[in-house]
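Summary of structural features
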Amino acid sequence: MSTGFSDTIRVLHIDDEPDFAELTSEFLERTDDRLIVESAATVRDGLERLAHGSFDCLVSDYDMPGQTGIEFLETVREDDPDLPFILFTGKGSEEVASEAISAGVTDYLQKEGGTDQYAVLANRITNAVGHYRSRQLVERSETRLREIVDSLPHPLYVVDEEGQLLLANETQAAIHDLSVDELEGTHVTDVLDGPAAKQLRDAIADVVETGTATRIAALDVPDADGERHVYESRLLPYDIVDTDKQAVLGIATDITDRRQRECELEQTRERMQLALAETDSIIFEIDCATDEVVRHGAYSDFFDLESGDAPTWTEHLTQVVHPDDRDEFIRFYRQLTAGDRDRGELEYRTDPELGSVNWIRDTVFIEEGDDRDARQVLGIARDVTDHKERELELQRAERQYQAIFHDPNILVGLIDTDGTVLDINETAMDYVEMLHEDVIGMPFWETAWFDHSASLQEEVKTWVDRAMDGEYVEFETDLVRPTGEPYTVEGVFRPVTNDDGEVVSLIISDREVTEQKEYERVLERTNALLSTLFETLPIGVIAEDEERNVVAINEQLVDLFDFPGTPDELRGADCTRLVEEVSDMVVDPDGFVEQIDHLVAECGPVRNDEVALQDGRTFSWSYHPIELPEEAGHLWVYRDITAQKTREDRLAALNETTRELMAADTREAVAEIGVQAARNILGMDANAIHLYDDERAALVPVAASAAGQELVGDPPTFTGGDSIAWRVYESGEALALDDVHEDPDIYNLDSPVQSEYHLPLGERGILIACSDESEAFAQHDIVLGEILASNVATALGQVEQTEQLREREQELTRQNDRLEEFASVVSHDLQNPLQVAEGRLKLVQEECESEHLDAIERALSRMDALIENLLTLAREGNRVQELAVLELSTLATNCWQNVDTADATLQPNTEQIIRADEGQLKQLLENLIRNAVEHGGDDVTVTIGDLRDGFYVADDGPGIPPAERDAVFEAGYSTSDTGTGFGLRIVKQVVEAHGWEMTITESDAGGAQVELTSLSV
């Protein structure tokens, strides 16, 4: 790889002794042919030459006329702080050395006798220049990489295995509102919250352990403003120079917009750490005849061996040189000692048995003596481990630069200061129909990416100009493919500056976000909807991650459990601790905690369980295991069902009260039960029931609670037009008054009552509840009150109906006595001759055959059926023996078994409970079933169903024409040859006996439907 430096090293030597300067120049150039030495006798002359020439290293004496070497050094350092400067002086003292070091000298060497000092000086020069050039290369490479990495729109970082941030680009630092210098050196836990830090640490540990790349699908990170972003991170193994520690290179993509906007590609960067370290040297001489080696310098420091432990180069080979490098080492030195080469350079590694493996570079040449056998190998050995590692690092940096530039997912270009294209990657070229070489040198805004819009070209030129002024220019724009297909890109123009801060080029990097932009619109709408739904749900919701930290919580849950803080403040809190804190609120704290822990461990869903609280409230709760992006989670839903439980208890109590009401047999008993229920169940302590009295045409108080009498005294009697109660009774609509004194129909202007609740009991009366507090009756009280009022009205109607039935029974008893006498006559005078005729017919059938005999038998059977029906009509009549509470479905099923129904089907779709005479109701059902089978056929379907105040019996047979529906109830009417005509007449008689109503209509299936209404159900 080219470094950009010549192999030649130009040295300026300043010494006021010309002979010594000339001698030094000759030995230096002889020692290393890369050295070209110029001499100057004074500091002034040296400065003049330095001003008009280029030198790689300055070598200066200390004690010279006019200015000392230190003063010369200080002058040089004003213009060039890093140019190698070696103080080569005969005046050696700690004072001079200290002064030189303080002035910034590169190296300090004291003049000595003999020629070895020149080899040492040459070595010091090459070392210093090599170090200087390497540093320049590294700085140049680092600057270039820094510029490119910082231009990337991705967060990029390097984290060691312990979680310390070794490197971060500006994009990464900007997330935390820090500078790069502030961010580097921090620990991931300093900048990430607990779950995110743990997630990243776990992923880093996985990469370090496996040595393979991995991906974090979603890392939740808050920025400096507290706004949370989700990042997708690619983690790769990363080598750290000068340390045994392992690290991970992370490149992140902000996918907040893919979740909230779908995938905005993160700005990425990489910062390379390259270190240069000065090395010490070993000067050595090898006797070609004996292979013995004389060494000067840090041999023991290099190899942890004394020089005498390896007196020859071959022993050095076996003790020091890496086994894999020994063949090359032998070949090199044998060529030298054999005279096959006169100079050269060899790099080899040290044996791992010595400890760490280091790279050593030997630079050698042959010194010929007068006698060929006196040839010697002179050399300098240097530890170039750091240099080799820097080379490798530079190579890696170059590869990384190329990888970034040629990223197939990013459009990257390099632009010159005049706006022309220097380079552009293939990913970008795929979007236009141009050759790469045609794009190079064009003004960027005139390229094919923007030629579809003149206004866009002007805008791009403006972006380039702004970036050239040093501005970081982010952009988003719509472009068009050659096919006419539109697409959207977003990216950044990033200025690249030199050490002086001057912009020397621009990096543009962007990526296509067409799908993301479309998705982000959908995602924004969805997220807005979900967020609003989450916050406005009338239930409390909390979601926690696998470690049981709060992921999300809404205000409703905070209010239910009276948590301190807001939902945002509770996010990230430990749910285990929160459960412990609120467990004292419930009746069974230990059971509450144990159940939650068990559900979390088992992950079994639970729906609508209940927990009782110490303050009397009841919560319904559900648990659902959920999947979060990177782990499992838990979702809890709570709602306060205290009011619901209270309503359920009250409804249950009202249901029990209904049974008591239906069992009452007087109006007064019904009213008393209603008053007690309003007081005990509905909490209407002060209430009374007024029933309508026909004789007085007034609402007369029948029952009142003690609290009501205490509040208003004896309840008044209300007559037409004089009160709110009468108005509500006439309207039939319940009325709740928050302040009765605002109503013009108030009965008593001086009443202590503030609020009232009036509940009509149909046409039978009214229930009035009152309170000395305003707005005392809530909506749920009103609903439950209406239920109670309806039940009381029904019970009152039942009492009235029962009384009517008793009166009717007394009248029917007298009629039945007369009918019983008639039935006896019919039974004796008609049945006896009929039985004689049937017996004679049997005898005739045994003696002879005749077609007339079958007709006679049918006629006699019909006469028998007519007599039975006449007896039923006569004996049963309109008499109701005893009322019972009957379950219609069970009774109908039993009746079905008593009738010859052939292949017919019964569908008892009823839940009605009826008060009726059981025998008569069975007769009614059997007659209706028999009638349906006789007229509808053997396969007819008979359905019994519920009506609001009764039931119906329907079939899918031919039906009854409307003109005949009144006639079918007449005695003797039948459309069947086998019918008697009394079946439906008996049905009508049972209906009338009970005070019911009956009509015949057409069923849904087109058959006949008999409807019975006005029942006590």
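Position numbers for residues count from 1 along each chain, tracking the sequence in the order it is written. In keeping with the model being predicted, local features are shown solely for residues with a pLDDT of at least 70 and side-chain atom pairs are shown and tallied solely at 80 or more, while totals for entire chains, interfaces and linings include all residues. Processing note: side-chain calculations cover all non-hydrogen atoms of the structure and skip hydrogens and water entirely.

The name an unreviewed UniProt entry assigns to the protein chain is histidine kinase, from the organism Haloarcula nitratireducens. UniProt positions are given in the numbering used here, feature names are shortened, and annotations may be inferred rather than shown by experiment. A UniProt comment under Catalytic activity (unreviewed entry) is attached to the protein chain, and it reads "ATP + protein L-histidine = ADP + protein N-phospho-L-histidine."

1. Details of the overall build of the protein chain
The secondary structure content of the protein chain amounts to 31 helices and 38 strands. Buried residues are those whose accessible area, probed at 1.4 Å on protein chains only, stays under 20% of the maximum for their type, while exposed residues exceed 50% and partly exposed ones sit between those limits. Relative to its full complement of 1017 residues, the protein chain shows a buried share of 46%. To measure how exposed things are, a 1.4 Å probe is used in the Shrake-Rupley method; for residues, cover is taken only from the protein chains shown. As displayed, the protein chain offers around 50,700 Å² of accessible surface, 45% of which is attributable to carbon and sulfur atoms. What counts as a helix is a DSSP run of H or I of at least four residues, what counts as a strand is a run of E of at least two, and both are numbered from the N terminus.

2. Some words on unusual backbone geometry
Phi angles above zero are rare outside glycine, and Asp562 is one such case at about 55°. As for its position among the elements, Asp562 is in the loop between helix H19 (555-561) and helix H20 (567-570).

3. As for the UniProt feature "modified residue: 4-aspartylphosphate" (unreviewed entry) in the protein chain
With numbering aligned to this structure, UniProt lists the feature "modified residue: 4-aspartylphosphate" (unreviewed entry) at Asp61. Position of Asp61 relative to the elements: it lies in the loop between strand S3 (57-60) and helix H3 (69-79). Excluding residues within four positions of it along the chain, Asp61 makes contact with Ile14, Asp15, Asp16, Gly69, Leu87, Phe88, Thr89, Gly90 and Lys111. Residue contacts are defined here by distance: any two heavy atoms, one from each residue, within 4.5 Å place the two residues in contact.

4. Remarks on the pattern of salt bridges
Here a salt bridge means any side-chain nitrogen of Lys or Arg lying within 4 Å of a carboxyl oxygen belonging to Asp or Glu. For the structure shown, the criterion picks out 32 salt bridges. Between Arg331 and Glu328 there is a salt bridge, with its nearest N and O atoms 2.5 Å apart. Taken together, the residues span about one helical turn, with Arg331 and Glu328 both in helix H13 (residues 326-338) at a distance of 3 residues. When its relative accessible area of 44% is taken as the criterion, Arg331 is described as partly exposed. The closest approach of N and O atoms between Arg548 and Asp597, which form a salt bridge, is 3.6 Å. Taken as a pair, Arg548 in the loop between strand S21 (540-545) and strand S22 (550-553) and Asp597 in helix H22 (residues 589-602) lie far apart in primary sequence, 49 residues in all. Each member of the salt-bridge network shares a partner with another, and the members are Glu345, Glu347, Arg361, Arg382 and Lys388.

5. Observations concerning the sheet that holds strand S35 (residues 941-947)
A strand pair is defined by DSSP finding two or more bridges across the two strands. Spatial strand order, S33-S35-S36-S38-S37: 5 strands in an open sheet with mixed pairing. Of all strands in the sheet, those with a lone pairing partner are strand S33 (905-909) and strand S37 (997-1002), marking the two edges. Taken over all neighbouring pairs, the strand axes of this sheet differ in orientation by 15° on average, direction set aside. Direction of pairing for strand S36 (residues 950-955) relative to strand S38 (residues 1008-1013): antiparallel, over a ladder of 4 bridges. Bridge pairing links Ala954 to Gln1009 in S38. Relative to the sheet, helix H29 (residues 888-897) contacts S33, S35 and S36, its axis offset from that of S33 by approximately 170°. Every axis in this analysis is a line fitted to C-alpha atoms, fitted for helices over the stretch in contact. Angles between the N-to-C directions lie between 0 and 180 degrees.

6. Structural notes on the pairing of strand S16 (residues 411-415)
Buried residues dominate S16, accounting for 5 of its 5 residues. Taking every second residue as pointing to the same face, both faces of S16 are buried, with Leu411, Gly413 and Ile415 on one and Val412 and Leu414 on the other. Taken together, the 5 bridges between S16 and strand S20 (residues 503-512) define a ladder with antiparallel strand orientation. When the sheet's bridge partners are listed, Gly413 is paired in S20 with Ile508. As judged from the 3 bridges shared by S16 and strand S17 (residues 421-424), these two strands associate in the antiparallel manner. Each bridged residue has a counterpart across the sheet, and for Leu414 the counterpart in S17 is Asp423. Here S16 hands over to S17 after 5 residues, with Gly419 in that stretch at a positive phi of 90°.

7. Focus on the side chain of Thr89
Tracing the sequence through the fold places Thr89 in strand S4 (residues 85-89). Classification of Thr89 by relative accessible area gives buried; the value is 0%. Whenever two N or O atoms come within 3.5 Å, that pair is a polar contact, provided that in protein one can donate a hydrogen and the other can accept it, and provided that, for residues adjacent in sequence, both atoms are side-chain atoms. Looking at Thr89, its side chain comes within polar contact range of the side chain of Asp61, at 3.3 Å. Discounting chain neighbours no more than four positions away, the residues touching Thr89 are Asp61, Tyr62, Asp63, Tyr108, Leu109, Gln110 and Lys111.

8. Side note on the sheet that holds strand S6 (residues 156-160)
The pairing of strands in a sheet happens through backbone hydrogen bonds and is either parallel or antiparallel. Taken together, the 5 strands give an open sheet; going across it, the order is S7-S6-S10-S9-S8, and neighbouring strands pair in antiparallel fashion. Two strands in the sheet have a free side with no partner beyond their single neighbour: strand S7 (165-168) and strand S8 (214-222). Here the strands of the sheet are splayed against their neighbours by 30° on average, with no regard to which way each runs. Examined bridge by bridge, S6 and S7 share 3 bridges and lie antiparallel to one another.

9. A word on the packing of H3 against helix H4 (residues 94-103)
Direction vectors running N to C along H3 and H4 enclose 10°, while the axes themselves pass 9 Å from each other. One element, H3, and the other, H4, form an angle in the roughly parallel class. Of the residues in H4, those touching H3 at Ile70, Leu73, Glu74 and Arg77 are Val96, Glu99, Ala100 and Ala103. Tallied by class, the residues present in the contact of H3 with H4 amount to 5 nonpolar, no polar and 3 charged. When describing relative orientation, an angle under 35 degrees is termed roughly parallel and one over 145 degrees roughly antiparallel, while 65 to 115 degrees is termed roughly perpendicular and anything else oblique. Each residue gets one of three labels, nonpolar for Ala, Val, Leu, Ile, Met, Phe, Trp, Tyr, Cys and Pro, charged for Asp, Glu, Lys and Arg, and polar for the others, Gly among them.

10. Here we look at a nonpolar patch on the surface
On the surface, a cluster of nonpolar side chains totalling about 210 Å² of accessible area is made up of Leu651, Val783 and Ile787. As for its placement among the helices and strands, Val783 is situated in helix H27 (residues 779-847). Residue classification places Val783 among the partly exposed positions, given a relative accessible area of 41%. Any residue with relative accessible area above 30% and no salt bridge may belong to a patch, with like charges joined within 9 Å and the nonpolar Val, Leu, Ile, Met, Phe, Trp and Tyr side chains within 5 Å.

11. Focus: helix H23 (residues 642-663)
By this rule the span expected of a helix is its residue count minus one, scaled by 1.5 Å. Taking 1.5 Å of rise per residue, 22 residues should cover 32 Å, and H23 covers 32 Å from first to last C-alpha, within 8% of that figure. Looking at H23, one finds that the buried residues are Arg650, Leu654, Thr657, Thr658 and Leu661. The arc enclosing the buried residues of H23, seen along the axis, measures out at 120°, which places them on a common side. Within H23, the exposed residues directed more than 90 degrees away from the buried face are Asp649, Arg659 and Ala663. What the arc covers is the set of directions going from the helix axis to the C-beta atoms.

12. What to know about the nonpolar core
Residue types Ala, Val, Leu, Ile, Met, Phe, Trp, Tyr and Cys, when buried and joined through side-chain atoms within 4.5 Å, form a set referred to as a nonpolar core. One finds Leu921, Leu924, Leu925, Leu928, Phe951, Trp996 and Leu1012 to be the most contacted residues of the largest nonpolar core, which totals 37 residues. Among the secondary structure elements, those contributing two or more residues to this core are H29, strand S34 (913-917), helix H30 (918-936), S35, S36, helix H31 (983-994), S37 and S38. Look past the residues within four positions of Leu1012 in its chain and what remains in contact with it is Leu924, Leu928, Leu947, Asp949, Gly950, Phe951, Val991, Trp996, Glu997 and Met998. Counting 30 residues, the second largest nonpolar core, distinct from the first, contains Ile673, Ala677, Met684 and Val792.

13. With respect to the side chain of Glu285
Among the structural elements, Glu285 can be located in strand S11 (residues 281-287). Buried within the structure, Glu285 lacks any salt-bridge partner; its nearest side chain of opposite charge belongs to Arg295, at an N-O separation of 11 Å. Within this scheme the basic residues Lys and Arg register as positive and the acidic residues Asp and Glu register as negative, but His and the chain ends are omitted.

14. Observations concerning a negative patch on the surface
Here the site of a charge means atom NZ of a Lys, CZ of an Arg, CG of an Asp or CD of a Glu. Residues Glu71, Glu74, Glu78, Asp79, Glu95 and Glu99 make up a contiguous surface patch of negative charge. Mapped onto the negative patch, the elements with two or more residues apiece are H3 and H4. Per element, the largest residue contribution to the negative patch is 4 residues, and it comes from H3. Note on placement: Glu71 falls in helix H3.

15. Observations concerning the environment of Ile766
Following the sequence through the fold, Ile766 ends up in strand S31 (residues 765-771). Residues Ile766 and Val700, spaced 66 residues apart in sequence, show a C-alpha to C-alpha distance of 9.5 Å.

16. A few points about the packing of H23 against helix H24 (residues 667-680)
Relative to each other, H23 and H24 sit at 165°, their axes nearing to 9 Å. The angle between H23 and H24 places the two elements in the roughly antiparallel class. Between H23 and H24 lies a crossing whose hand is right-handed. On H24, the residues that touch Thr657, Glu660 and Leu661 of H23 are Val670, Ile673, Gly674 and Ala677. Here the contact of H23 with H24 is built from residues that sort into 4 nonpolar, 2 polar and 1 charged. Each crossing gets its hand from how the near helix is turned against the far one by less than a right angle, where anticlockwise is left-handed and clockwise is right-handed.

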